[in-house]
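# Architecture and fold: a report
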Amino acid sequence: MIEASPIDALRALLGPQGLLVTPSDMAAYETGARYDQGRAAFVARPASTAETSAVVAYCVRNGIALVPQSGNTGLVSGSTPDASGQQGVLSLDRLTGIFELDRVNRSVQVGAGLRLSDLNARLEADGLFFPIDLGADPRLGGMIATNTGGSRFLRYGDVRRNTLGLKVVLADEAGTVLELGTGLRKDNTGIDWKQMFIGTSGAFGVITECVLNLEPLPRQTATAFLVPSALDRVPDLLTAMEQALGNDLSAFEGLSKNAVTAALSHVPSLRNPFQAGIVPEFVILAEISRSNLPRAGEQPLDAVMEEVLGAIFEREDALLADAFIGRPQEMWALRHALSEGVKHLGRLIAFDLSFRRGDIMRFLDHMKAEMPKHFADVLICDFGHIGDGGVHFNLVVPKDDPRLRDAGFETALREWVFSVAVEEFHGSFSAEHAIGRKNQAFYDRYTPHDIRRLATDLKAIAAPGPLGSVTF
């Protein structure tokens, strides 16, 4: 428990709305998206960069640990306090007052607490959007701190590619404020320091504002569900689609039968689009899109998709068993319902992995064969971004399974999955959710010593105070 005097000092810095200390007010900030449950000493809610700087400086000078928290939608215990009651939560949820659109530059400067949905709603009238498509609705600061990718990475890249500038507060005794980039897409006048704060879980500083690249809203879209003839044909199918469609291919998402079945069961409003209601073992959601309005004489995208799929069907190597074009809203509704559907099947143990594109299906095939030998009655409900090698490798354990009462069970399961993913298939144990407490041990294990030493040295210089849930 933090003493009364720091609480009084923080309240003086932030005002009555800016500091929460009662258990009922703090409960939502102490509970994560995947069963995380901590205990906060307080929740600080600054409304500006200046207030953030003042809070961070005070806490560093007084040795008070802070855990930055954005939308709290992560899966790796990176944004919730531990159980000690000694860590304060630094929430970004009031950092929403800045919104400066530069239509010509196709960029916007915004507060880090703005939610993705709110940003895109405000940009829609100008025909623009921030092109990171997610099933969740995070705040921008957390998206940058974890370098989120999303479903349209294939076309637009990740958050790193779309971040032009940052304003950050360092965890030093002065709460130093740095402005890193101002919207320029080309600036080679020195080290690109903003990269130190993208994908590093908030360990080097707190992001309070960001300048983001924007893209024109798609004006034409076509989607199709593709059923590959076999799992090992998926990489060839992806290559064939890219060769035929070029940059018009904006998504290539993999959906497993278990994940789709869970979504259809959990969300009654979803329509089962498959013949006779039989869900295939694996389905690809492919999307093609254009940002221009249809031109006279231009082939509609549905026709383009039909033509490309027809040519693939005629190939001698038989990449497809089935395919059908459908309404984008309905197909994406099914894709975005997968997470919630899987979560309601039982106790979810989620992994966010990435591989070379040619290895992802080999990994999935391997795990389906090996899982029953190592962990019986654990259901694999995978889905993810086949176009960029990412997979949400979700494992579901029945809620009444006695193994869930043994803390060592989940630890052993994580150890095995990560060892296979990293050591056998040379993948990453964290594709989009960064590190957090759940992945700290694997960062320590798989990151080379010299790189860890460099990160530690940088942290000691830039942000020596106790900030974040990650130890570099």
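We now turn to the structure provided with this report.

The next thing to look at is the sheet that holds strand E4 (residues 87–91). Overall, mixed pairing links the 4 strands, which are arranged E1-E2-E4-E3 in an open sheet. Each end of this open sheet is capped by a strand with a single partner; those strands are strand E1 (19–20) and strand E3 (65–69). Set on the sheet, helix H2 (residues 23–30) makes contact with E1, strand E2 (40–44), E3 and E4; between it and E2 the angle comes to about 85°.

This brings us to the environment of Asn72. Positionally, Asn72 belongs in the loop between E3 and E4. Within the local environment of Asn72, its side chain forms a polar contact with the backbone oxygen of Thr31, the two atoms lying 2.8 Å apart.

Turning to the pattern of salt bridges, a few remarks are in order. As a working rule, side chains carrying opposite charge can pair if their charged atoms are close by. Scanning the model with the defined rule gives 27 salt bridges in all. The residue Arg233 makes a salt bridge to Asp317 at a minimum N-O spacing of 3.9 Å. Of this pair, Arg233 sits in the loop between strand E12 (220–228) and helix H7 (234–245) while Asp317 sits in the loop between helix H9 (301–313) and strand E15 (320–326), placing them 84 residues apart in sequence. The exposure class of Arg233 is buried, given its relative accessible area of 19%. Since its relative accessible area comes to 27%, Asp317 is described here as partly exposed. One salt bridge in this structure joins Asp401 and Arg403, with 2.7 Å as the shortest N-O distance. Judged by relative accessible area, which is 24%, Arg403 ranks as partly exposed.

Which parts of space are left empty comes out when a probe the size of a water molecule is rolled across the atoms. Of the volumes computed, that of the second largest pocket is approximately 600 Å³. Lining of the second largest pocket is provided by 26 residues; of these, Asn120, Phe129, Asp133, Arg152 and Leu217 occupy positions nearest its centre. Of all the secondary-structure elements, those providing two or more residues to the lining of the second largest pocket are helix H4 (116–123), strand E7 (128–129), strand E14 (282–290) and helix H10 (328–336). Classifying every residue of the lining of the second largest pocket gives 13 nonpolar, 8 polar and 5 charged.

The subject of this paragraph is H2. The set of residues buried in H2 consists of Met26, Tyr29 and Glu30. Taken down its axis, H2 places every buried residue within 95° of arc, on the same side. Facing away from the buried side of H2 by over 90 degrees, the exposed positions are Ser24 and Ala28. Check the buried side of H2 and you find it contacts E1, E2, E3 and E4.

This part covers the nonpolar core. Core analysis: the biggest nonpolar cluster contains 109 residues, and Leu226, Met241 and Phe393 have the highest contact counts within it. Of the residues forming this core, the biggest block, 8 residues, is contributed by helix H13 (residues 407–424). Membership of the second largest hydrophobic core comes to 25 residues, among which are Ala251, Val279, Leu338 and Val396.

With 7 of its 7 residues buried, strand E8 (residues 163–169) lies for the most part within the structure. Sheet analysis places E8 next to strand E10 (residues 206–213), joined by 6 bridges and oriented antiparallel. Among the inter-strand pairings, Val168 is bridged to a residue of E10, identified as Ile207. Bridge analysis of E8 against strand E9 (residues 177–180) gives 4 bridges, and the strand direction is antiparallel. Within the sheet, the bridge partner assigned to Val169 lies in E9 and is Val177.

On to the packing of H7 against H9, then. Where H7 meets H9, the closest approach of the two axes is 11 Å, and the angle between their N-to-C directions is 130°. On the basis of the axis angle, H7 is oblique to H9. When the axes of H7 and H9 are compared, the crossing they make is right-handed. Where H7 approaches H9, its residues Leu237, Ala240, Met241, Ala244 and Leu245 are matched on the opposing element by Val304, Met305, Val308, Leu309 and Ile312. Of the residues in the contact of H7 with H9, the class split is 10 nonpolar, no polar and no charged.

So, about the side chain of Arg155. Checked against the element boundaries, Arg155 lands in helix H6 (residues 153–156). Despite being buried, Arg155 has no salt bridge partner; Asp248 is the closest side chain of opposite charge, sitting 5.1 Å away. A polar contact is formed between the side chain of Arg155 and the side chain of Ser289, at a distance of 2.9 Å. Apart from the residues lying within four places of it in its own chain, the contact partners of Arg155 are Arg161, Asn247, Asp248, Leu249, Ser250, Ser289 and Arg290.

Before going further, it helps to examine empty space enclosed by the protein. According to the stated counting rule, one finds 3 cavities of 30 Å³ or more in the structure shown. In this structure, the largest cavity occupies an estimated 60 Å³ of space. Considering the residues around the largest cavity, the lining is formed by Leu75, Val76, Ala350, Phe351, Asp352, Arg414, Phe418, Phe429, His433 and Asn439. Counting residues per element, the ones that place at least two in the lining of the largest cavity are strand E16 (347–354) and H13. Here the element with the most residues in the lining of the largest cavity is E16; it accounts for 3 residues. Along the lines of polarity and charge, the residues of the lining of the largest cavity split into 6 nonpolar, 2 polar and 2 charged.

Cut-offs used in this document
Throughout, a residue's number is its position along its own chain's written sequence, starting from 1. Under the rules for a predicted model, residues below a pLDDT of 70 receive no local features and side-chain atom pairs below 80 are neither given nor counted, while totals for whole chains, interfaces and linings still include all residues. With hydrogens and water set aside, each side-chain value is computed from the structure's full complement of heavy atoms. When DSSP locates at least two bridges between a pair of strands, those strands are taken to pair. Runs of H or I in DSSP of at least four residues are treated as helices and runs of E of at least two as strands, each being numbered from the N terminus. Working rule for contacts: check all heavy atoms of both residues, and any pair within 4.5 Å makes them a contact. Convention adopted: a line fitted to C-alpha atoms gives each axis, helices being fitted over their contacting stretch, and angles between N-to-C directions are expressed from 0 to 180 degrees. Pairs of N or O atoms within 3.5 Å make up the polar contacts considered here, provided that, within protein, one atom can donate a hydrogen while the other can accept it, and that residues adjacent in sequence are counted only when both atoms are side-chain atoms. Every case where a carboxyl oxygen of Asp or Glu lies within 4 Å of a side-chain nitrogen of Lys or Arg is listed as a salt bridge. To sort residues, take the accessible area from a 1.4 Å probe on protein chains only and compare it with the maximum for the residue type: under 20% means buried, over 50% means exposed, and anything in between is partly exposed. In the cavity and pocket records, a cavity denotes points on a 1 Å grid over the protein atoms alone where a 1.4 Å probe fits but cannot get out, a pocket denotes an open set with protein on both sides within 12 Å along at least 5 of 7 lines, and lining residues are residues with an atom within 4 Å of a point. Grid points are joined across faces, edges and corners, and a volume is the space filled by probe spheres set on the points. All amino acids are sorted into three groups, where Ala, Val, Leu, Ile, Met, Phe, Trp, Tyr, Cys and Pro are nonpolar, Asp, Glu, Lys and Arg are charged, and the leftover types, Gly among them, are polar. Throughout, the arc means that of the directions going from the helix axis to the C-beta atoms. Within this scheme, the nonpolar core is defined by two criteria: the residues are buried Ala, Val, Leu, Ile, Met, Phe, Trp, Tyr or Cys, and they are joined through side-chain atoms within 4.5 Å. The labels follow the angle: roughly parallel below 35 degrees, roughly antiparallel above 145, roughly perpendicular from 65 to 115, and oblique for the rest. What makes a crossing left-handed is the near helix being turned counterclockwise from the far one by less than a right angle; a clockwise turn instead makes it right-handed. Asp and Glu are treated as the negative residues and Lys and Arg as the positive ones, with His and the ends of the chain left uncounted.

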